[in-house]
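Each chain is listed here by its residues.
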Amino acid sequence: INSLRHTPKALRFRETLYRFKYVFTVAITVTFLVFSLLLAPFADESYNLFSLNSYLTHIFSPAFAVADFFTDDYPLRLSKKHVLATIIPPLSYYGVTMLLSALRVDFGRGDNFPYLFIDFYSPAGLFGFTLSPVPSMGAVYWVIAFTSLIWSIAFLYARLQPFAVKARRAQKNKALDFA
């Protein structure tokens with residue numbers, strides 16, 4: 001059985017899983033940042049942000065996912081195409097959100113948008129800017145801003161990951177030498 005784990009097919013499958021882990025670690029990091037920087041400071045009580053469920057989803061899960069990614073010692077080789085792939089989950093979410101919003105689906109609270117920055121029917125609309133009632137920009141500009149943020153995080157994680165692997169392996173070797 002041990003020899004099956006090291007076949008080329010098994011190794012490719014393992015690398016694919018680790019690349020998925022990378023993509024979703026970046027996505028969950030964005031979840032944390034959106035919650036911490038956009039939702040928690042500006043959303044009203046109807047969002048029910050300050051509950052245990054919300055904290056577990058938006059703070060603790062991302063923290064554990066990032067910690068897990070950087071404490072794993074699998075030597076993942078990430079290229080530019082893997083960094084580019086990190087935009088797939090958020091764009092998929094955005095596309096589904098646009099469709100549901102166009103169909104006027106209620107996302108709760110009587111709103112047909114899930115978050116303030118994905119409100120296609122706000123005074124700013126898709127491509128506009130507005131100063132009232134609060135300063136806001138169109139939903140498309142938010143997508144551009146988030147895409148830039150996602151790629152920045154993805155690039156940072158791709159660059160830091162080899163150093164984390166090296167440090168983790170050195171730590172393991174040191175523990176083995178001590179034993």
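In this report, the structure presented in the accompanying data block is examined. (Residues numbered from 1 in each chain as written. Predicted model: local features only at pLDDT ≥ 70, side-chain atom pairs only at ≥ 80, totals over all residues. Heavy atoms only, no water.)

Thoughts on the overall build of the chain
Inclusion rule: A run of H or I in DSSP becomes a helix once it reaches four residues, and a run of E becomes a strand once it reaches two; helices and strands are each numbered from the N terminus. Only C-alpha atoms enter the radius of gyration, while the globule expectation follows 2.2 Å times N to the 0.38, with N the number of residues. Note on exposure labels: buried denotes an accessible area under 20% of the residue type's maximum, exposed denotes more than 50%, and partly exposed covers the range between, all computed with a 1.4 Å probe on protein chains only. Here, residues are in contact when the closest pair of their heavy atoms is within 4.5 Å. Asp and Glu count as negative and Lys and Arg as positive, but His and the ends of the chain are not part of the count. Lys charges are placed at NZ, Arg charges at CZ, Asp charges at CG and Glu charges at CD.
A count of helical and extended segments in the chain gives five helices and two strands. If you list the helices and strands of the chain from N to C, you get α-α-α-α-β-β-α. For a compact globule of 179 residues, the expected C-alpha radius of gyration is about 16 Å, and the chain comes in at 20 Å, more than 25% above that figure. Based on the C-alpha atoms only, the size of the chain along its principal axes is roughly 65 × 30 × 30 Å. Across the 179 residues that make up the chain, the buried fraction comes to 34%. Taking the contacts inside the chain whose residues are at least 6 apart along the sequence as the reference set, 64% of them involve residues at least 24 apart. Averaging the coordinates of the 17 positive side-chain charges in the chain and doing the same for the 10 negative ones gives two points 17 Å apart.

Concerning unusual backbone geometry
Non-glycine residue arginine 104 carries a positive phi angle of around 60 degrees. Along the polypeptide, arginine 104 turns up in the loop between helix H4 (88-102) and strand E1 (129-130).

Focus on the pattern of salt bridges
It is possible for side chains bearing opposite charge to pair when their charged atoms get close. Defined as follows: For this document, the term salt bridge refers to a Lys or Arg side-chain nitrogen within 4 Å of an Asp or Glu carboxyl oxygen.
Applying the stated criterion to the full structure yields four salt bridges. Between arginine 77 and glutamate 15 there is a salt bridge, and its shortest N-O distance comes to 2.8 Å. Residue arginine 77 is found in the loop between helix H2 (52-71) and helix H3 (80-85), and its partner glutamate 15 is found in helix H1 (residues 8-42); the two are separated by 62 residues along the sequence. Given a relative accessible area of 12%, glutamate 15 falls into the buried group.

With respect to the environment of tyrosine 121
Relative to the elements of secondary structure, tyrosine 121 occurs in the loop between H4 and E1. For tyrosine 121, a relative accessible area of 40% corresponds to the partly exposed category. Spatially, the C-alpha atom of tyrosine 121 lies 44 Å from that of proline 162, the residues being 41 residues apart in sequence.

Topic: the nonpolar core
For clarity, the threshold we go by: Residues belong to one nonpolar core when they are buried, are Ala, Val, Leu, Ile, Met, Phe, Trp, Tyr or Cys, and are joined through side-chain atoms within 4.5 Å.
Within the largest apolar cluster, 32 residues are counted, with the highest numbers of intra-cluster contacts made by Tyr22, Val26, Leu76, Tyr94, Phe117 and Tyr157. Those elements that place two or more of their residues in this core are H1, H2 and helix H5 (139-178). Ranked by the residues each element gives to this core, the list is headed by H5, at eleven residues. In this view, tyrosine 94 contacts Ile118, Phe120, Leu126, Ala139, Val140 and Val143; residues no more than four positions away in its chain are not counted.

A short note on the packing of H1 against H2
Working note: a packed helix pair is described by the angle between its axes plus the distance between those axes. Counted only if it meets this: All axes are obtained by fitting lines to C-alpha atoms, using only the stretch in contact for helices, and the reported angles, taken between N-to-C directions, cover 0 to 180 degrees. Any angle that is under 35 degrees is reported as roughly parallel, and any over 145 degrees as roughly antiparallel; angles of 65 to 115 degrees are reported as roughly perpendicular and all others as oblique. Handedness of a crossing follows from how the near helix is turned relative to the far one, being left-handed for an anticlockwise turn of less than a right angle and right-handed for a clockwise one. Charged residues are taken to be Asp, Glu, Lys and Arg, nonpolar residues to be Ala, Val, Leu, Ile, Met, Phe, Trp, Tyr, Cys and Pro, and polar residues to be all remaining types, Gly included.
At a minimum axis distance of 9 Å, the contact between H1 and H2 shows a crossing angle of 140 degrees. In terms of axis orientation, H1 runs oblique to H2. In the crossing of H1 with H2, the sense of the turn from one axis to the other is left-handed. For the pair formed by H1 and H2, the contact residues are Lys21, Tyr22, Thr25, Ile28, Thr29, Thr31, Phe32 and Phe35 on the first element and Ser54, Tyr55, Thr57, His58, Ile59, Ser61, Pro62, Ala65, Val66, Asp68 and Phe69 on the second. Among the residues making up the contact of H1 with H2, the classes are represented as ten nonpolar, seven polar and two charged.

A closer look at the packing of aromatic side chains
The geometry of an aromatic ring pair comes down to the distance between the two centres and the angle between the two planes. The cut-off we apply is this: In summary, the pairing rule links any two rings of Phe, Tyr or Trp, Trp by its six-membered ring, whose centres are within 6.5 Å, and it sorts them by plane angle into stacked for under 30 degrees, edge-to-face for over 60 and tilted for everything else.
This model, assessed by the stated rule, comprises ten aromatic pairs. A ring pair is formed by phenylalanine 50 and tyrosine 55, whose centres lie 6.4 Å apart and whose planes are at 55 degrees; its orientation type is tilted. By relative accessible area, which is 54% here, phenylalanine 50 ends up exposed. For tyrosine 55, a relative accessible area of 30% puts it in the partly exposed group.

So, a nonpolar patch on the surface
Put simply, the test is: Patch membership needs two things, relative accessible area over 30% and no salt bridge, and members are linked within 9 Å if like-charged or within 5 Å if nonpolar (Val, Leu, Ile, Met, Phe, Trp, Tyr). Residue-level accessible areas treat just the shown protein chains as cover; the underlying method is Shrake-Rupley with a 1.4 Å probe.
On the surface, Phe50, Leu52, Tyr55, Leu56, Phe60 and Phe64 cluster together to form a nonpolar patch covering roughly 650 Å² of accessible area. If you trace the backbone, tyrosine 55 turns up in helix H2.

A short note on the side chain of asparagine 112
Its location among the elements puts asparagine 112 in the loop between H4 and E1. Once residues lying within four places of it in the same chain are set aside, the contact partners of asparagine 112 are Ser101, Arg104, Val105, Phe107 and Tyr121.

Read these as layout, nothing more, since geometry by itself doesn't imply function.
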